[in-house]
Amino acid sequence: MKWKGRQGSSNVEDKRGMSGKSMAGIGGGVGLVIVLIVTLLGGNPSELLGSLNSTESNNGSSYVETDEEKELAQFVSVVLAETEQVWTEEFRKNGLEYREPTLVLYSDSVESACGMAASSVGPFYCPGDMKLYIDLSFYQELKQEFQAPGDFAMAYVIAHEVGHHVQTLLGTTEKEMPDRSKVSETEYNKHSVRLELQADYLAGVWAHHVQGENLLEEGDLEEALNAASGVGDDRIQKKAQGYVVPDSFTHGTSEQRKRWFNKGFKSGDMNEGNTFKANNL
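Residues numbered from 1 in each chain as written. Predicted model: local features only at pLDDT ≥ 70, side-chain atom pairs only at ≥ 80, totals over all residues. Heavy atoms only, no water.

Caption draft 1: Molecular detail of the state of the cysteines. All chains considered together, the criterion is met by one disulfide. Each sulfur of the disulfide joining Cys 114 and Cys 126 lies 2.1 Å from the other. Disulfide Cys 114 to Cys 126: torsion about the S-S bond roughly 95°, handedness right-handed. With Cys 114 in the loop between strand E5 (109–112) and strand E6 (115–118) and Cys 126 in strand E7 (residues 124–126), this pair connects stretches of sequence that are twelve residues apart. When its relative accessible area of 0% is taken as the criterion, Cys 126 is described as buried. (Disulfide = S-S within 2.5 Å. Helix = DSSP H or I, 4+ residues; strand = E, 2+ residues; numbered from the N terminus. Buried < 20%, exposed > 50% of the residue type's maximum accessible area, 1.4 Å probe, protein only.)

Caption draft 2: Expanded view of the pattern of salt bridges. According to the stated counting rule, one finds twelve salt bridges in the structure shown. Taking the shortest distance from any N to any O, the salt bridge between Asp 14 and Arg 16 comes out at 2.7 Å. Between Lys 93 and Glu 90 there is a salt bridge, and its shortest N-O distance comes to 2.8 Å. Pair noted here: Lys 93 and Glu 90 are both in helix H3 (residues 67–93), with a separation of three residues, about one helical turn. You can call Lys 93 partly exposed: its relative accessible area is 49%. Connected via shared salt-bridge partners are Arg 6, Glu 82 and Glu 213. (Salt bridge = Lys/Arg side-chain N within 4 Å of Asp/Glu carboxyl O.)

Caption draft 3: Region of interest: the nonpolar core. Core analysis: the biggest nonpolar cluster contains 59 residues, and Trp 87, Met 154, Tyr 156 and Trp 206 have the highest contact counts within it. Those elements that provide at least two residues to this core are H3, strand E4 (102–105), strand E8 (131–134), helix H4 (138–144), helix H5 (151–170), helix H7 (185–212), helix H8 (220–230) and helix H10 (254–267). Among residues more than four places away in sequence, those in contact with Trp 206 are Met 1, Val 79, Glu 82, Thr 83, Val 86, Trp 87, Phe 152, Ala 155 and Ala 159. With nine residues, the next largest nonpolar core counts Tyr 106, Val 110, Cys 126 and Tyr 133 among its residues. (Core = buried A, V, L, I, M, F, W, Y, C linked by side-chain atoms within 4.5 Å. Contact = heavy atoms within 4.5 Å.)

Caption draft 4: Structural view of the sheet that holds E8. With mixed pairing, four strands are arranged side by side in an open sheet as E1-E4-E8-E7. Unpaired on one side and paired on the other, strand E1 (12–14) and E7 mark the two borders of the sheet. Taking each pair of neighbouring strands and ignoring which way they run, the sheet shows an average axis angle of 25°. Packed onto the sheet, H3 meets E1 and E4 and runs at close to 165° relative to E4. (Pairing = 2+ DSSP bridges. Axes fitted to C-alpha atoms, helices over the stretch in contact; angles between N-to-C directions.)

Caption draft 5: Fine view of the packing of H8 against H10. As a packed pair, H8 and H10 sit with axes 7 Å apart at the nearest point and diverge in direction by 145°. Note on packing geometry: the crossing formed by H8 with H10 is right-handed. Contacts between H8 and H10 involve Leu 221, Ala 224, Leu 225, Ala 228 and Ser 229 on the former and, on the latter, Ser 254, Arg 257, Lys 258, Phe 261, Asn 262 and Phe 265. Classifying every residue of the contact of H8 with H10 by side-chain character gives six nonpolar, three polar and two charged. (Left-handed = near helix turned anticlockwise from the far one by under 90°. Nonpolar A, V, L, I, M, F, W, Y, C, P; charged D, E, K, R; others polar.)

Caption draft 6: Region of the structure containing the environment of Ser 119. Note on placement: Ser 119 falls in the loop between E6 and E7. Owing to a relative accessible area of 22%, Ser 119 belongs among the partly exposed residues under this scheme. In sequence terms Ser 119 and Leu 136 are 17 residues apart; their C-alpha atoms lie 9.1 Å from each other. Setting aside chain neighbours within four positions, we find Ser 119 in contact with Tyr 106, Asp 108, Ser 109 and Asp 135.

Caption draft 7: A look at the pairing of E4. Pairing of E1 with E4 involves three bridges; the strand directions are parallel. Within the sheet, the bridge partner assigned to Asp 14 lies in E4 and is Leu 105.

Caption draft 8: Here's a closer look at the packing of H7 against H10. Where H7 meets H10, the axes come as close as 6 Å, and the angle between the chain directions of the two elements is 40°. Between H7 and H10, the angle is such that the two are oblique. In this structure, the crossing between H7 and H10 has a hand that is right-handed. Contacts between H7 and H10 involve Val 193, Leu 197, Asp 200, Tyr 201, Ala 203, Gly 204, Val 205, Ala 207, His 208 and Gln 211 from the former and Gln 256, Arg 257, Trp 260, Phe 261, Lys 263, Gly 264, Phe 265, Lys 266 and Ser 267 from the latter. (Parallel < 35°, antiparallel > 145°, perpendicular 65-115°, else oblique.)

Caption draft 9: How the structure looks around the packing of aromatic side chains. The tally for this structure, following the rule as stated, stands at seven aromatic pairs. A ring pair is formed by Phe 124 and Tyr 133, whose centres lie 4.9 Å apart and whose planes are at 10°; its orientation type is stacked. On the basis of relative accessibility, which here comes to 3%, the residue Tyr 133 falls in the buried class. Seen from their ring centres, Tyr 156 and Phe 261 are 5.6 Å apart, and the 85° between their planes marks the pair as edge-to-face. Residue Tyr 156 is found in helix H5, and its partner Phe 261 is found in helix H10; the two are separated by 105 residues along the sequence. We note Lys 263 situated over the ring of Trp 260; from NZ or CZ to the ring centre the distance is 3.9 Å. (Phe/Tyr/Trp six-rings, centres within 6.5 Å; stacked < 30°, edge-to-face > 60°. Lys NZ or Arg CZ within 6 Å of the ring centre and 35° of its normal.)

Set out below in structure tokens:
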């Protein structure tokens, strides 16, 4: 992605190196699958994972930003600025006003309106404070754990979380997600998958408009599709436990995530990605 020299966002809050309480015992992609949907819907991950021990993380005096992290933080800021530009215009065309979210950079653990979260849960969006949270170490996890290298793979992740913000502003999350206490876990998961796939679609819509600005480089689209595939429920479960349980899917399969991102990329229309009415995901 052609990003160097471009203006970054002013809506970045840097909390790296601050002390906090983190949840132990959840690793990598599994943590992403289990916890992300809870934080997304305003829940407290510690309530779901109450059996896990909490540990104090006092890294405030030991954190030192590396040159790679400095450049990555600048990249993330530019990507966020590009999402602000695209969604402000798309909302305007639909007679709406876009409210820009804040992106919080943190290390180790962080406190949000959705509760405490460790970096092992992966990037997440909290509707309670309308903020995106990301530990930049996830960039390495994308490359190593999910085999999804490249800067645009990281851009896809940010755009996906911004997609959840768009859903919040449009009222989609509140309208489409049922009360967790009133439906079975399987039924709830089905709604969750549709919510996540729509966020992938919206990330694709953003990428469509970025391409229109001639900011994409050769291989960028493949990087995004590879990242979408890498964080599919089936691939994560297969790697973590050796088998998949479709009823427990919360984000969609690798093929579904790639398909909906690609649909958004080809369409560029924020109104065409209604996964909740789609007969075939």
